[in-house]
Amino acid sequence: MNISSFFNYPDQPEHPPAPELVLLSAWTNHEWDKFLALTQTLRYSANEYAFQHGEDERSFYLVAAGRFEILLPRGEDLTRLSLVELGAILGEDSFLDGQPRATSVRAITDGELVRFSQDAYEVLAAKEPDLARQLVWDLARIVSLRHRQSISAI
């Protein structure tokens, strides 16, 4: 699996990701191998939900193939917040804060997500504490940058 573009979160897939939103860009292939050994690859068909608003699960996902949409419930309707492709991170808020999912994610095309669970994090932290620390700090950094970008867009 090509991990060079993981952790980009492009608002518009045709634009290259902002360099500051690339997570752990300095990790070596060996470090990525240690991380990926703790993940699970899940396949989705077009229109299938990866997760839904309100679910209680502490995992984040990386888009490994296909296109997905992030949906926000608005009353009885769902509003598309964005489309994401290869390398996007999904569900990191629930991974970090333990709260139920704030959005739903649905496949637009057939695709694959790489799932990293809280249990996998505990294993990584026990075996590779420096990598686990780097992962959490960089996830938090990116969440903070996205928050700042959303505020400046208002």
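The structure this text deals with has already been given above.
Residues numbered from 1 in each chain as written. Predicted model: local features only at pLDDT ≥ 70, side-chain atom pairs only at ≥ 80, totals over all residues. Heavy atoms only, no water.

A.B. asks: Kindly report on the overall build of the protein chain, identifying the contributing residues and their values.
C.D. replies: When you go through the protein chain residue by residue, the secondary structure sums to four helices and eight strands. Moving toward the C terminus, one meets the helices and strands of the protein chain in the order α-β-β-β-β-β-β-α-β-β-α-α. Within the protein chain, the proportion of its 154 residues that are buried is 42%. When contacts within the protein chain are restricted to residue pairs at least 6 apart in sequence, long-range pairs at least 24 apart make up 77% of them. (Helix = DSSP H or I, 4+ residues; strand = E, 2+ residues; numbered from the N terminus. Buried < 20%, exposed > 50% of the residue type's maximum accessible area, 1.4 Å probe, protein only. Contact = heavy atoms within 4.5 Å.)

A.B. asks: Kindly report on helix α1 (residues 29-36), identifying the contributing residues and their values.
C.D. replies: Those residues of α1 lying buried are Trp-32, Phe-35 and Leu-36. Axial view of α1: buried residues confined to an arc of 90 degrees, hence all on one face. As for α1, its buried residues are in contact with β3 (59-65), β8 (111-117) and α4 (129-152). (Arc of directions from axis to C-beta.)

A.B. asks: Give a description of the sheet that holds strand β7 (residues 104-107) that names residues and reports values.
C.D. replies: Strand order in the open sheet made by the four strands is β2-β7-β4-β5, with antiparallel pairing throughout. The open sheet has two edge strands with one neighbour each: β2 (49-51) and β5 (77-84). Averaged over all pairs of adjacent strands, the angle between strand axes in this sheet comes to 35 degrees, irrespective of strand direction. In terms of strand pairing, β2 meets β7 through two bridges, oriented antiparallel. Note on β7: the bridge partner recorded for Tyr-49 is Arg-106. (Pairing = 2+ DSSP bridges. Axes fitted to C-alpha atoms, helices over the stretch in contact; angles between N-to-C directions.)

A.B. asks: Kindly report on the packing of aromatic side chains, identifying the contributing residues and their values.
C.D. replies: According to the stated counting rule, one finds eleven aromatic pairs in the structure shown. Arranged with centres 6.4 Å apart and planes meeting at 20 degrees, the rings of Phe-35 and Phe-60 form a pair that is stacked. Here Phe-35 is found in helix α1, whereas its partner Phe-60 is found in strand β3, with 25 residues between them in sequence. Comparing Phe-35 with Phe-60, the two get one shared label, buried. An aromatic cluster is defined as three or more aromatic residues linked by ring pairs; in this entry it consists of Trp-27, Trp-32, Phe-35, Phe-60, Phe-95, Phe-116 and Tyr-121. Geometry around Phe-51 places Arg-101 over its ring, the cationic atom sitting 4.2 Å from the centre. (Phe/Tyr/Trp six-rings, centres within 6.5 Å; stacked < 30°, edge-to-face > 60°. Lys NZ or Arg CZ within 6 Å of the ring centre and 35° of its normal.)

A.B. asks: An account of the pattern of salt bridges is needed here, citing residue identities and associated values.
C.D. replies: Across all of its chains, the model carries eight salt bridges by this definition. For Asp-138, the salt bridge identified is with Arg-141, shortest N-O distance 2.7 Å. Taken together, the residues span about one helical turn, with Asp-138 and Arg-141 both in helix α4 at a distance of three residues. By relative accessible area, which is 15% here, Asp-138 ends up buried. When salt bridges that share partners are traced, they join Glu-57, Arg-101 and Arg-115 into one network. (Salt bridge = Lys/Arg side-chain N within 4 Å of Asp/Glu carboxyl O.)

Nothing here speaks to function; it is all geometry.
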